[in-house]
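Topology and contacts: notes
Chain by chain, the residues:
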Amino acid sequence: MSIGNAAGMLLLIKKISGTIAIATIISFIGLWIWTDITGFDATPDMIWTKWMIQFLLLILFLFIFRISVYGIKKYLVENIESLEESVKLTKQLAYYDALTGLPNYNYFFEHLTELESNSKPCGIIMIISLKNLNMINALYGNEKGNQILIETGKILKESNRDCELAARVNSNEFSIWIQEINGKANTEARRNHILSNLNRDFEIAGNKRHIEFYASFAEVDFQNENCINGYQKAQIALTYAKYSGKDKLVSYDENFEYKIKRLSELKELLKNDIKNEENIEVHYQPQFATKSDQIVSVEALARWRTAIYGSVSPIEFIPIVEELDLHEKFGLSILKKALGDYVELEKKYGEDTKVSVNISPAFLMTTDFTQKILDLLEESSFHPNNLTLEIT
């Protein structure tokens with residue numbers, strides 16, 4: 001029963017009880033008046049009869065009224081208990097996660113808001129985001145994904161000595177509040193103990209599988225900031241961890257917002273440049289023979305220059321290529337440029353100069369990889385013996 005239904009029923013009971021009481025009183029008064037106007041007082045015997053009837057009416061009135069009150073009281077008690085259960089259930093749904101039994105986003109923030117208003121402590125807000133949960137659901141079914149979430153919830157429940165509050169705030173995210181009690185060193189130790197407990201294997205489809213996660217935290221002082229700002233800082237650190245592929249615990253840095261913006265823009269720029277084959281160049285690094293000190297080959301190195309950020313290091317843009325699943329287009333583009341430059345390379349470094357091109361394992365595993373390479377060699381009239389592919 002919902003709170004609205006229970007409240008409506010109690011209101012109806014109140015109206016019914018009032019109606020019964022009024023009807024009983026009116027009936028009693030009516031019968032009492034009837035005994036007065038029917039001539040019962042003509043003789044002493046009739047007067048006695050009138051008093052007896054009125055006495056019986058009074059007894060009957062009290063009896064009916066008592067039964068009505070008892071019935072209404074019983075019904076009200078039952079419905080109040082039902083209402084209390086409904087309120088309890090509603091609170092459970094509003095403040096707790098049904099799958100893990102942990103507090104949810106609403107409870108987490110109400111608790112922090114209360115701390116902010118009262119004791120104003122210091123501490124850290126930590127966020128854990130499980131990796132590849134969607135892939136696990138797709139490969140093994142939602143039950144396996146849910147089991148991982150349930151097990152993670154159990155671990156966090158058992159970590160109640162290390163944290164004051166742990167909650168599931170999103171599909172694959174958990175938020176943790178660790179209050180500073182005995183100094184920052186103690187807080188750091190408790191934080192690391194939670195991460196150590198989470199760093200474990202889960203059984204999936206009969207096999208042990210290590211579930212990785214992103215982790216971030218932000219230090220919060222409720223004397224100087226509110227819980228919303230503290231949580232936003234932890235979220236910014238988490239976003240940076242995801243964008244940069246950081247597997248270790250990431251602490252909030254005020255420069256993260258700029259870095260996140262930069263990474264986001266680099267992804268869009270790189271996606272467009274690979275699609276349009278623009279702004280990506282190939283530089284050639286000579287390789288020397290050990291004994292003769294002569295150039296025997298050149299290594300093709302990808303370089304990327306943007307209008308906004310200038311030259312971007314391969315250390316930064318190669319992981320973006322992999323993350324965006326652009327390894328095939330990118331790899332073919334570099335190969336095509338290297339083979340197209342071979343005539344000039346022979347003029348500069350000599351005939352039959354070998355060319356080495358780096359490719360990713362993901363590119364190597366693409367469909368018809370060999371045929372695509374053969375097609376490029378045929379288009380450029382490049383001799384296969386002069387090409388070396390290096391897996392990096």
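Being a predicted model, the structure only gives us computed values, none of them experimental.

Calculation criteria
Residues numbered from 1 in each chain as written. Predicted model: local features only at pLDDT ≥ 70, side-chain atom pairs only at ≥ 80, totals over all residues. Heavy atoms only, no water. Core = buried A, V, L, I, M, F, W, Y, C linked by side-chain atoms within 4.5 Å. Buried < 20%, exposed > 50% of the residue type's maximum accessible area, 1.4 Å probe, protein only. Helix = DSSP H or I, 4+ residues; strand = E, 2+ residues; numbered from the N terminus. Pairing = 2+ DSSP bridges. Contact = heavy atoms within 4.5 Å. Axes fitted to C-alpha atoms, helices over the stretch in contact; angles between N-to-C directions. pLDDT = per-residue confidence, 0-100. Phe/Tyr/Trp six-rings, centres within 6.5 Å; stacked < 30°, edge-to-face > 60°. Lys NZ or Arg CZ within 6 Å of the ring centre and 35° of its normal. Polar contact = N/O pair within 3.5 Å; in protein donor to acceptor, adjacent residues only side chain to side chain. Expected span 1.5 Å × (residues − 1). Parallel < 35°, antiparallel > 145°, perpendicular 65-115°, else oblique. Left-handed = near helix turned anticlockwise from the far one by under 90°. Nonpolar A, V, L, I, M, F, W, Y, C, P; charged D, E, K, R; others polar. Salt bridge = Lys/Arg side-chain N within 4 Å of Asp/Glu carboxyl O.

In this section: the nonpolar core. Counting residues in each nonpolar core, the largest one holds 35 residues, and the members touching the most others are L270, F317, F330, V355 and V357. Taken together, the elements giving at least two residues each to this core come down to α8 (256-276), β8 (280-288), β9 (295-306), α9 (314-323), α10 (327-340), α11 (342-349), β11 (354-359) and α13 (369-380). Looking at which element gives the most residues to this core, the answer is α10, with five residues.

Read from one edge of the open sheet, five strands run β2-β3-β1-β6-β7, paired in mixed fashion. Strand pairing shows two members of the sheet lacking a second neighbour, β2 (165-168) and β7 (250-251), which therefore form its edges. Bridging between β2 and strand β3 (residues 173-179) involves four bridges; their strand directions are antiparallel. Bridge pairing links A167 to S175 in β3. Seen against the sheet, helix α3 (residues 105-117) touches β1 (122-130), β2 and β3 and runs at an angle of roughly 20° to β3.

A few words on the confidence of the model for the protein chain. With 83% of its residues at a pLDDT of 70 or more, the protein chain has an overall mean of 82. pLDDT under 50 marks residues 1-13. Its contacts with residues more than four places away, or in other chains, come to 19 contacts.

Another point: the packing of aromatic side chains. By the definition in use, this model includes 14 aromatic pairs. Look at F108 and F109: their rings are 6.0 Å apart centre to centre, the planes differ by 80°, and that puts the pair in the edge-to-face class. Taken as a pair, F108 and F109 share a single burial class, namely buried. By way of ring pairs, the aromatic residues Y105, F108, F109 and Y231 are connected into one cluster. Its end group placed over the ring of F217, R191 keeps NZ or CZ at 4.5 Å from the ring centre.

Relative to the elements of secondary structure, S313 occurs in the loop between β10 (310-312) and α9. For the pair S313 and A302, spaced eleven residues apart in sequence, the C-alpha to C-alpha distance is 9.5 Å. Only 3.1 Å separates the side chain of S313 from the backbone nitrogen of I315, close enough to count as a polar contact.

On to helix α5 (residues 142-157), then. Helix length check: α5, at 16 residues, gives a terminal C-alpha distance of 22 Å against a target of 22 Å (1.5 Å per residue), a fit within 8%. Every buried residue belonging to α5 is among G145, I148, L149, E151, T152, G153, I155 and L156, and all of these are buried. Taken together, the buried residues of α5 touch β1, α4 (133-140), β2, β3, α6 (184-198) and β4 (201-204).

Phi is positive for K120, which is not a glycine, with a value near 50°. Residue position: K120 is located in the loop between α3 and β1. Phi is positive for N132, which is not a glycine, with a value near 60°. On the accessibility criterion, N132 (45% relative accessible area) is partly exposed.

Okay, the side chain of N386 next. On the secondary structure map, N386 appears in the loop between α13 and β12 (387-391). In terms of polar contacts, N386 uses its side chain to reach the side chain of K354, at 3.2 Å. Excluding residues that lie within four positions of it along the chain, N386 makes contacts with Y342, D352, T353, K354 and V355.

What follows deals with the packing of α10 against α13. Direction vectors running N to C along α10 and α13 enclose 25°, while the axes themselves pass 10 Å from each other. Here α10 is positioned roughly parallel relative to α13, judged by the angle of their axes. The way α10 lies across α13 gives a crossing that is right-handed. Here E328, L332, L335, K336 and L339 of α10 lie close against α13, whose contacting residues are K372, I373, L376, L377 and S380. Of the residues assigned to the contact of α10 with α13, the class counts are six nonpolar, one polar and three charged.

This paragraph deals with the pattern of salt bridges. As enumerated under the stated definition, the model contains 13 salt bridges in all. A salt bridge links K267 to E323; the shortest N-O distance between them is 2.5 Å. Taken together, the positions of K267 in helix α8 and E323 in helix α9 put the pair 56 residues apart, joining distant regions of the chain. Residue K267 is classed as buried on the basis of its relative accessible area, which comes to 10%. With a closest N to O distance of 3.7 Å, K347 and E344 form a salt bridge. With a gap of three residues between them, K347 and E344 both fall in helix α11, about one helical turn apart.

So, on to the side chain of K267. Of note is the side chain of K267, whose polar atom sits 2.5 Å from the side chain of E323. Among all residues touching K267, those that are not within four sequence positions of it are Y243, I320, E323 and L324.

In this structure, E158 sits in the loop between α5 and β2. For E158, a relative accessible area of 64% gives the class exposed. Each C-alpha atom of the pair E158 and N197 lies 9.5 Å from the other, and the pair is 39 residues apart in sequence.

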